[in-house]
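Chain by chain, the residues run as shown.
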Amino acid sequence: MNTPLKIDFNRPAPVGREMEYVAEAIRGGHHSGDGPFTKKVAALLEAELGAPRVLLTTSCTHALEMMALLLDIQPGDEVVIPSFTFVSTVNAFVLRGARPVFADIRPDTLNLDESRLEPLLTPRTKAIVPVHYAGVGCEMDALLETANRRGVRVVEDNAHGLFGKYKGRYLGTFGALASQSFHETKNFSCGEGGALIINDPALVERAEILREKGTNRSRFFRGQVDKYTWVDIGSSYLPSDILAAYLYGQLEQREKIQSHRKRLWEFYHAALQDWAQAHEVQLPYVPAHVEQAYHMFYLLLPTLDLRQRLIAHLRERGIYSVFHYLPLHLSDMGRRFGGREGDCPVTERVSDQLLRLPFHNILTQEEQERVVEAILEFDF
Ligand SMILES: *Cc1c(COP(=O)(O)O)cnc(C)c1O
C-alpha cells in the first residue's frame, strides 16, 4: 500500500505579494520596528476596524502583557478569564501579580458563559477577558452590561477573531483594548506577531511609551518633543518591519483568505452534518447575530476515547487532526490558584471531546474530500 500524501493540520504559506514586500523592506533599509510596512499594516487595520489606534507587537502574548500594564494590574487584583483558552491570556495578568478567576464556557459556542459571569465578580475584579473562540463572537451585549454595571473593564483576546463581527460590529472593537495574533497558526500570519487594538483613546499615549521601552520616542518622531527620554516602565514589543512587510502581503489578501476559509468551513459543515447527527457528534454553532471569522473547524466527539481513536484513525491515513486547550484551572499553575475538578464542568468535558480538522489558507477541496471520506469510514 502506498503511504497516503500527508494532509497537515496547518500549513503557513504566502498567498499574495508577501515575498515581494519582504524584499522591498530589506532593500529599503528600515529593518527595525515602526518602518513603512508597520505603518501600512496599522493604517489598514485602523481603517478597516475603525479603531483609534493599532500598534503592531511581537506577539499576541506581548499585546496581552501590554494590556495588563495599561490596566495597571496590581498584585491581588482579580481578572476573570475563561479556563478554555491559550495560556497567554492568563499569564499576561499573572505576570503583574493578578489572581486569575476561571470562568466556564457555554456548551454551544464554547465562549465565556455570560450567564455565569456575575457571581465571579468581587470588589477586587479589575478586568474580564473574553476570548472569541474559533472566531465566533462572545455575547458582548450581556457581557458589557454586567461589566459596566459592576465597573469592571473588558479587554478582548481576539487572537481567533480578526474580521469577525458581533451584531454587525467588528470583534476587537468592544473592549477598551483587544489583542490580535499573527502567529503562523492564525488566519493571517507573519510567523510570530501580534497587535494591540486600542479602542479607548485615553490609553494610546501610554501604550506607545510601554512599547518603546518606556520612552517617549514615538512623540519625538512626531516632533511633539525635542528629545526623547525614559518616562515610564516598558519593554521592547516592536516587530521588525521585515515581518510587517510579510503581514501586509497577507492582510492585503484578506478577502481572498477569508472567502477561502469560509468555503472550507461550509464544505466540512455540509459534508459532515448527517454523519454528526447519526453519531451524536456536535458541530460548531454560530448564532445568527454573529459573523464568524472562520478560524477553525472542530468536532465534539461523544467521549474522550472516541476522540483519541478518531485522531489515530485519521493519522493512519496521513491526516493530522489535533485536540485543543486543556482546562487552565486544572493545570499545575491553575491548581496553585485554587483550581479544582468540577469548577468548570463544560470546559472539562469539551477539552476531552474536541478535535480540530485540517484548516488553512492553502488547503484544497481534494484534500478536504479525503478528510471527510476518512471520517465517514470511522468505525464508532
Ligand atoms: C494564539 C493565541 C494566543 C497567543 O498568540 P501569540 O501570537 O502566539 O502570542 C493568545 N490567545 C489565544 C486565544 C490564541 O489562540
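Scroll up for the structure.
Keep in mind that this is a model prediction, so the values were computed, not measured.

J.: Got a minute to help me understand helix α6 (residues 204-211) in this structure?
T.: Along an α-helix, residues three or four positions apart point the same way, because every turn accommodates 3.6 residues. For α6, the buried fraction is high: six of the eight residues fall into the buried class. Burial in α6 covers these residues: V204, A207, E208, I209, L210 and R211. Backbone geometry just after α6 places K213 at a positive phi near 60°.

J.: Would you mind going over the nonpolar core with me for this structure?
T.: Buried together is how nonpolar side chains tend to be arranged in soluble globular proteins. If you look at the biggest cluster of nonpolar residues, it comprises 34 residues, and the most contacted ones within it are V79, F93, L177, L196 and I198. Looking at this core, the elements with two or more residues in it are α3 (60-70), β2 (78-82), α4 (87-94), β9 (194-198) and α6. Broken down by element, the residue count for this core peaks at eight residues, all from α3. Filtering out sequence-adjacent residues up to four positions away, F93 remains in contact with M67, A68, L71, I73, V79, I81, A98, V129 and V155. Core analysis: the next-biggest nonpolar cluster, separate from the first, contains 28 residues, F37, L49, F188 and Y248 among them.

J.: Is there a simple way to explain the packing of aromatic side chains in this structure?
T.: The description of an aromatic ring pair uses the distance of the two centres, along with the angle that the planes make with each other. Applying the stated criterion to the full structure yields 17 aromatic pairs. When the ring of W265 is compared with that of F297, the centres are 5.4 Å apart and the planes differ by 70°; the resulting orientation is edge-to-face. In this pair, W265 is assigned in helix α9 (residues 254-278) and F297 in the loop between β10 (290-291) and β11 (298-300), connecting sequence segments 32 residues apart. The rings of F84, Y133, Y298 and Y325 are connected pair by pair, giving a single aromatic cluster. The ring centre of Y170 lies 4.8 Å from the NZ or CZ of K165, which sits over that ring.

J.: Honestly, the pattern of salt bridges in this entry has me stumped. Any pointers?
T.: It is possible for side chains of opposite charge to pair when their charged atoms get near one another. One pass over the structure, following the stated rule, counts 29 salt bridges. A salt bridge links R211 to D34; its shortest N-O distance comes to 3.0 Å. Linking R211 in helix α6 with D34 in the loop between α1 (18-28) and α2 (36-49), this pair joins segments that are 177 residues apart in sequence. Among the residues examined, R211 registers a relative accessible area of 2% and is labelled buried. Judged by its relative accessible area of 21%, D34 falls in the partly exposed class. Its salt-bridge partner being R335, residue E341 comes within 3.1 Å of it at the nearest N-O pair. In this structure E341 comes out as exposed when scored by relative accessible area, which is 57%. Looking at R335, the relative accessible area reads 40%, which means it is partly exposed.

J.: What is the right way to read helix α10 (residues 304-316) from this model?
T.: Look at α10: 19 Å from first C-alpha to last across 13 residues, which is about the 18 Å you get at 1.5 Å a residue. Buried within α10 we find L306, R307, L310, I311, H313 and L314. Along the axis of α10, the buried residues cluster in a sector spanning 165°; they form a single face. In this fold, the buried residues of α10 make contact with β11, α12 (345-353), β12 (354-356) and α13 (365-376). Phi for G318, located one or two positions after α10, is positive at around 80°.

What counts and what doesn't
Residues numbered from 1 in each chain as written. Predicted model: local features only at pLDDT ≥ 70, side-chain atom pairs only at ≥ 80, totals over all residues. Heavy atoms only, no water. Buried < 20%, exposed > 50% of the residue type's maximum accessible area, 1.4 Å probe, protein only. Helix = DSSP H or I, 4+ residues; strand = E, 2+ residues; numbered from the N terminus. Core = buried A, V, L, I, M, F, W, Y, C linked by side-chain atoms within 4.5 Å. Contact = heavy atoms within 4.5 Å. Phe/Tyr/Trp six-rings, centres within 6.5 Å; stacked < 30°, edge-to-face > 60°. Lys NZ or Arg CZ within 6 Å of the ring centre and 35° of its normal. Salt bridge = Lys/Arg side-chain N within 4 Å of Asp/Glu carboxyl O. Expected span 1.5 Å × (residues − 1). Arc of directions from axis to C-beta.

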